[in-house]
Amino acid sequence: KVVVTRKDDSFKALHGLSRALINNMVIGVSAGYTKKLAIEGTGFKAALQGKNLSLSLGFASPKIYPIPEGLTVTVENDGLQVTVTGCEKALGGEAAARIRSFYPAEPYKGKGIKYVGEQIRRKVGKKVA
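Residues numbered from 1 in each chain as written. Predicted model: local features only at pLDDT ≥ 70, side-chain atom pairs only at ≥ 80, totals over all residues. Heavy atoms only, no water.

Trainee: Is there a simple way to explain the pairing of strand S3 (residues 52-56) in this structure?
Mentor: On a regular strand, one side chain projects to one face of the sheet and the next to the other, so that they alternate. Pairing of strand S2 (residues 45-49) with S3 involves 5 bridges; the strand directions are antiparallel. Among the inter-strand pairings, Ala47 is bridged to a residue of S3, identified as Ser54. Where S2 folds back on S3, the antiparallel hairpin that results is connected by 2 residues, among which Gly50 adopts a positive phi of roughly 70 degrees. By the bridge criterion, 4 bridges tie S3 to strand S4 (residues 63-66) in an arrangement that is antiparallel. In the strand pairing of S4, Ser54 is matched with Ile64. Connecting S3 to the next strand, S4, in antiparallel fashion are 6 residues, including Gly58 with a positive phi near 90 degrees. (Pairing = 2+ DSSP bridges. Helix = DSSP H or I, 4+ residues; strand = E, 2+ residues; numbered from the N terminus.)

Dropping the structure here:
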């Protein structure tokens, strides 16, 4: 049992933060955190190469992301889904955001990397008269 208390109101703003960080640590050790990313687009795929994640996203050369210590990255569905798991919530979220930043899903065709369950607002393309 962990109890978070404070002596006076001078650290009132940090009270909830401390409690939340400790709660995230306990959940991370007991259950772990998972972020899933979906890759959409013709020829877009991901592959593991040792301690690196190789992303083929239509550029001249594949984007390489070195996997940080403490995280496990798996590639599923023939390279169309990437799962980031770990016991630190912030580290897993940061890794997933960096992987997504290589090619975020664009609003016209929807191709790119997005979180599983994320809704991409689609835009209407240019009208041909």
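Trainee: Looking at this structure, how should I read the pattern of salt bridges?
Mentor: When their charged atoms lie close together, side chains carrying opposite charge are able to pair. Counted according to the given criterion, the structure contains 4 salt bridges. Taking the shortest distance from any N to any O, the salt bridge between Glu40 and Lys114 comes out at 3.4 Å. Separated by 74 residues along the polypeptide, Glu40 in strand S1 (residues 33-40) and Lys114 in strand S7 (residues 112-115) bring together distant segments of the chain. Residue Glu40 is classed as partly exposed on the basis of its relative accessible area of 36%. Classification of Lys114 by relative accessible area gives buried; the value is 17%. Notably, a salt bridge pairs Arg98 with Glu94, separated by 2.8 Å at the nearest N-O pair. With a gap of 4 residues between them, Arg98 and Glu94 both fall in helix H2 (residues 89-101), about one helical turn apart. (Salt bridge = Lys/Arg side-chain N within 4 Å of Asp/Glu carboxyl O. Buried < 20%, exposed > 50% of the residue type's maximum accessible area, 1.4 Å probe, protein only.)

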